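# Observations on chain architecture
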Amino acid sequence: MAGGDYTMNEGKVKYSPPSDDNASQTPERAGWGSPLEFILACLGYAVGLGNVWRFPYLCYRNGGGAFLIPFFIMLIVIGLPIFYLELYIGQYTALGPLKAFSSIAPFFSGLGYCTLVVISLISVYYMIIVAWTIFYTFISIGGDLAWGSCENDFNTDFCYSGSYDKNCRENNTGAATDLTYYMRRCMSIGDICKLTGLQPYDGKNCWNGTQTIPWFNNVNRVLASEEYYNERVLGRGEATWENWGSMQWHLVGCLFFCWLVAFLCVIKGVQSAGKVVYFTALFPYVMLTALLIRGVTLEGAGDGVLFYLLPDWEILLTARVWGDAASQIFYSFGVACGSLITLASYNNFRNNCQFDAIFVCLMNFGTSIYAGFAIFSVLGFQAQMMGVSVHDVAEQGPGLAFVAYPEALLQMPIPQFWSIMFFFMLFILGLGCQFAGIEAINTAIVDQWPQLRKRYWMVTAGTCFTCFLLGLPMCFSGGVLLFTLLDINTASWAILLIGMAECTAVSWSYGINRAISDLASMNMKLGVVMRTYWKATWTVTVPVASISVLVFVFANWTSPAYEDYVFPLFAELLGWAIGLSTLVFFPIGVCWALYHGYRGKELFTPTSLWKPAVKTTDPNPELSNQNSTRAEYDNIAYIS
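This section reports on the structure supplied with the text. This is a predicted model, so every value here is computed, not measured. (Residues numbered from 1 in each chain as written. Predicted model: local features only at pLDDT ≥ 70, side-chain atom pairs only at ≥ 80, totals over all residues. Heavy atoms only, no water.)

It is worth spelling out the overall build of the protein chain at this point. On a plain count of helices and strands, the protein chain comes out with 25 helices and eleven strands. At 27 Å, the protein chain has a C-alpha radius of gyration in line with the 26 Å of a compact globule built from 640 residues. Projecting the C-alpha coordinates of the protein chain onto the three principal axes gives extents of approximately 90 × 50 × 45 Å. Expressed as a percentage of its 640 residues, the buried residues of the protein chain come to 58%. For the protein chain, the accessible area works out to roughly 25,000 Å², and carbon and sulfur atoms hold 62% of it. (Helix = DSSP H or I, 4+ residues; strand = E, 2+ residues; numbered from the N terminus. Rg over C-alpha atoms; globule rule 2.2 N^0.38 Å. Buried < 20%, exposed > 50% of the residue type's maximum accessible area, 1.4 Å probe, protein only. Areas by Shrake-Rupley, 256 points an atom, 1.4 Å probe, with all protein chains shown as cover.)

Set out below in structure tokens:
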């Protein structure tokens, strides 16, 4: 599956990986300017939109503060072990995932290609979200916050917004004569109750003859921001899988702009990206803090925070909570995609990547909680302004970022300023996550053809332009349907199997003791506790937990849908095909190894390409930290 030589040995065709004899003819592999650049790159990759728009919702849905317990446990037994495993593989070998996994054992030759397919698909559809955020940013800068208006051509009679509702509720007293905005006018709660076949009761409830029912439970109201998102931004109209609709050229322009910015940021690989991450990894915290400070000072913020964190301990006994916690770990940490291996492959051989892994994972955990306060303090304010429960305004995913939160921003003083802050923060978070994906794709290319390192900017341009073209179908009216399908079937159940295969390759095929020896050769300070922890998680807990979560995911599987539109059977089958496409290279890799004569133990034996990234023959973990050059040498595990 890569360049190399074929020889005959006892009647068998054997494959030899390409040698480094021509290394002098190609430029040296680049590296991070400092350990801090690598940490910030990992932080920018791991901390993304999922921390802002997915974790807070999962937290409130799964027992509030009680959800932090299963989430932290899953971080310890799944997230951190795979995160560190990938950093170890990349830093030890200075190889991208394609060569790293094919060299650790021929049996796993296809595993690197699986990660490449995953990160390529994610890079394509994830940039669509970034394009949405920059569209809202441009609109906010222009001052036309039209998502709060019900006067647009695409708005329906069921449109409403807090700004309209606020005017209607000015003189409310709590009686059934209280007014609210409904059907494009101020209407009394009592009249709304009668329209829905109920009797008036008071300013918040209707009477069904036996009990009170919140008046808004039986009416169909659509936020103006939701209609704006669907009709103005996505241009969805009546688009279905059978009727894809028209191209939305404003999205094409935004998508091209996003890929252009990404290209300029990673034009020189880690040498340029290493400087950009100082901004993309740190500036979102500044904006998130500003949103939090403003949010907690708003009326009703306390209700939102309590709704977010109030623990429900009994829910911990349900399987859904643990499944959601594990799924969020894979979604948020970006493991099993090959990007972390790529980032670590540019590290100094003796960089303390164990500290990096622990620090980034804890920062990710803390950022998720921190973002929840910023989000739900504002949603609490919105709920109070609209006279409804926080439950009725809480959303996840695009529903939070482009519907609920923008509506809340309109109720705040200086809404234009806060809208710019919020959407630009989302843009930076999304863009920061893309750097690692682009670098992973580029590394796969230049590792196969090292001579292309001389023209790295051309490789980057080709990657970005190709991904831009592949994203164009999602710029049609029905593009959000394809986006939803990719999101469900790419970064979900398939990466569970890939993560399990990665741990199996290191702990069971290569050998857990060899791996620990490799860590020692990189000057990792492993005490008894940490050594036991890494051994236990890599050999047992990650594979077992991954299988358990996979069972949970399939047991709760439902047909894909967008809002009320359930996808047809052929679209669901397409989704399964997308998911399987991320795994198909694994059996292909096994067949490739068998075709080239690997049998029995040979299938699980490291090739000559698996070696430390620097020349060293001293198995002593206290090896002097001298300046070493990357050179070919045997694996330290075999030397010792």
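From this point, the narrative continues.
Another point: the packing of helix 17 (residues 398–410) against helix 18 (residues 415–448). Two numbers describe a pair of packed helices, the interaxial angle and the distance between the axes. For the pair helix 17 and helix 18, the least separation of the axes is 9 Å and the interaxial angle reads 155°. In terms of orientation, helix 17 and helix 18 fall into the roughly antiparallel class. Crossing of helix 17 over helix 18 shows right-handed handedness. Two secondary-structure elements touch here, helix 17 through Ala401, Phe402, Tyr405, Pro406, Leu409 and Leu410 and helix 18 through Pro415, Trp418, Ser419, Phe422, Phe423 and Leu426. Here the contact of helix 17 with helix 18 is built from residues that sort into eleven nonpolar, one polar and no charged. (Axes fitted to C-alpha atoms, helices over the stretch in contact; angles between N-to-C directions. Parallel < 35°, antiparallel > 145°, perpendicular 65-115°, else oblique. Left-handed = near helix turned anticlockwise from the far one by under 90°. Contact = heavy atoms within 4.5 Å. Nonpolar A, V, L, I, M, F, W, Y, C, P; charged D, E, K, R; others polar.)

The next thing to look at is the pattern of salt bridges. Summed over all chains, the structure comprises six salt bridges. Across the pair Glu37 and Lys275 runs a salt bridge, and its minimum N-O distance is 3.2 Å. Taken together, the residues Glu37 in helix 1 (residues 35–46) and Lys275 in helix 11 (residues 270–280) connect sequence positions 238 residues apart. A residue is classified by how much of its surface remains accessible, and Glu37, at 4% relative accessible area, is buried. (Salt bridge = Lys/Arg side-chain N within 4 Å of Asp/Glu carboxyl O.)

Topologically, Ser368 is positioned in helix 16 (residues 353–386). For Ser368, a relative accessible area of 0% translates into the label buried. Apart from the residues lying within four places of it in its own chain, the contact partners of Ser368 are Asn51, Phe55 and Tyr308.

With that settled, consider helix 16. Between its first and last C-alpha atoms helix 16 spans 49 Å; for 34 residues at 1.5 Å apiece the expected length is 50 Å, and the two agree. Of all 34 residues in helix 16, 24 are buried; the element is thus mostly enclosed. Gly387, located one to two residues past helix 16, shows a positive phi value of around 70°. (Expected span 1.5 Å × (residues − 1).)

This next bit is on unusual backbone geometry. Its identity is not glycine, yet Ile414 carries a phi of approximately 55°, on the positive side. As for its placement among the helices and strands, Ile414 is situated in the loop between helix 17 and helix 18. Residue Glu563 is not a glycine yet carries a positive backbone phi of 55°. Within the fold, Glu563 resides in the loop between strand 10 (561–562) and strand 11 (565–566).

Before going further, it helps to examine helix 14 (residues 319–333). Taking 1.5 Å of rise per residue, the 15 residues of helix 14 would be expected to cover 21 Å, and the 21 Å separating its terminal C-alpha atoms lies within 8% of that figure. Those residues of helix 14 that sit buried are Val321, Gly323, Asp324, Ala325, Ala326, Gln328, Ile329, Phe330, Ser332 and Phe333. Looking one or two residues past helix 14, Gly334 carries a phi angle of roughly 70°, positive in sign.

Moving on, we get to the pairing of strand 4 (residues 179–182). Note that strand 4 and strand 5 (residues 185–188) share four bridges and pair antiparallel. In the strand pairing of strand 5, Thr180 is matched with Met187. Connecting strand 4 to the antiparallel partner strand 5 that follows it, the hairpin turn spans two residues, and Met183 within it adopts a positive phi of roughly 55°. (Pairing = 2+ DSSP bridges.)

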